[in-house]
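Below, each chain spelled out in residue letters.
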Amino acid sequence: MNRNTDQYYIDKTMQGDTQAFGVLVERYQDFIFTVVLRMLKIREEAEEVAQDAFIKAFESLSSFRGESKFSSWLYSIAYRKALDRLRKNKKYVATELIEEITEGNLESIENALGYLEDQERKQIIQECITQLPKAEAAIITFYYFEDQSVKEVAAITGLSEDNIKIKLYRSRKKLFTLLKHFVLPEISNNNGQAI
């Protein structure tokens, strides 16, 4: 595995070594595709938008100033490209009402999830994330799966940090509501403990 920094490949690309950019594409293509797919929900469109994002990044590489991580800059491009595609296709999904969740319900869900196998849990979480509104799915993905800070997610999406915090809070509530439907068979109605 190549351990050179992103900046090394950026510099090589800027010096005319276009193959160096290919290393950056390989490094980030899976995650970029995942984020875009969660937003667009259609594999072919996600592939096209992910490719467009890398082309835009290559063409705009000279504007990358290193004020944020290269990955954050790249995610921002992919996020904006996906939003542009959503606007173009006018595929907006109305947000679902947020069900009232008590702390006890959250504990019951977490307790029941604790009994599921690790792979099954990951698959369920991934399926639930795809049911979130597209922008929220991307924010959850950036924050939890790519370990981006609130500040970094704000920079990627162009939203304020306070707005990101609110969206993360609401998205988590929605995610727990969705998860509850997957784990209801695992929760006893009597005392909320896992069966």
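Note that the structure is predicted; figures quoted are calculated from it, not measured.

Residues I32, V36, M39, F70 and F142 are the most contacted members of the largest nonpolar core, which totals 49 residues. Of all elements in the fold, only α1 (6-14), α2 (18-40), α3 (43-59), α4 (70-89), α6 (118-131), α7 (134-145), α8 (150-157) and α9 (161-183) reach the threshold of two or more residues within this core. When residues in this core are grouped by element, the largest group, 11 residues, is from α2. The contact partners of V36, leaving out residues within four places of it in the chain, are K41, A46, V49, A50, A78 and A82.

This part takes up the environment of L132. You can see L132 is positioned in the loop between α6 and α7. Taking relative accessible area as the criterion, L132 reaches 2% and is therefore assigned buried. A C-alpha to C-alpha distance of 9.8 Å links L132 and R172, two positions 40 residues apart in sequence. In this structure L132 touches K41, A137, I140, S171, K174, L175 and L178, once residues within four positions along its chain are discounted.

On to the packing of aromatic side chains, then. Applying the stated criterion across every chain, the model contains 12 aromatic pairs. Each ring, one from Y28 and one from Y75, has its centre 6.2 Å from the other, and the planes form 80°; the classification is edge-to-face. Of this pair, Y28 sits in helix α2 while Y75 sits in helix α4, and the two are 47 residues apart along the sequence. You can call Y28 buried: its relative accessible area is 10%. An aromatic cluster is built from Y28, F31, F64, F70, W73, Y75, Y79 and F142, whose rings are joined through pairwise contacts.

Attention now moves to the environment of S160. Position of S160 among the secondary structure elements: in the loop between α8 and α9. In this structure the C-alpha to C-alpha distance between S160 and V150, which are 10 residues apart in sequence, comes to 9.2 Å.

Where charged atoms of side chains with opposite charge meet at close range, the side chains can pair. Tallied over the entire structure, the rule returns six salt bridges. R43 is paired through a salt bridge with E47; the nearest N and O atoms lie 3.8 Å apart. A residue pair is termed a helical-turn pair when its members lie 3 or 4 positions apart in one helix, as R43 and E47 do in helix α3 at four residues. With a relative accessible area of 45%, R43 lands in the partly exposed category.

Each α-helix turn comprises 3.6 residues. Residues three or four places apart therefore point the same way. Remark: the principal bend of α2, roughly 50°, maps to Y28. Within α2, the full set of buried residues consists of A20, F21, L24, Y28, F31, I32, F33, V35, V36, R38, M39 and L40. The positive-phi residue at the C-terminal boundary of α2 is K41, with phi of around 70°.

Rules used throughout
Residues numbered from 1 in each chain as written. Predicted model: local features only at pLDDT ≥ 70, side-chain atom pairs only at ≥ 80, totals over all residues. Heavy atoms only, no water. Core = buried A, V, L, I, M, F, W, Y, C linked by side-chain atoms within 4.5 Å. Buried < 20%, exposed > 50% of the residue type's maximum accessible area, 1.4 Å probe, protein only. Helix = DSSP H or I, 4+ residues; strand = E, 2+ residues; numbered from the N terminus. Contact = heavy atoms within 4.5 Å. Phe/Tyr/Trp six-rings, centres within 6.5 Å; stacked < 30°, edge-to-face > 60°. Salt bridge = Lys/Arg side-chain N within 4 Å of Asp/Glu carboxyl O. Bend = angle between axes of the 7 residues up to and from the residue.

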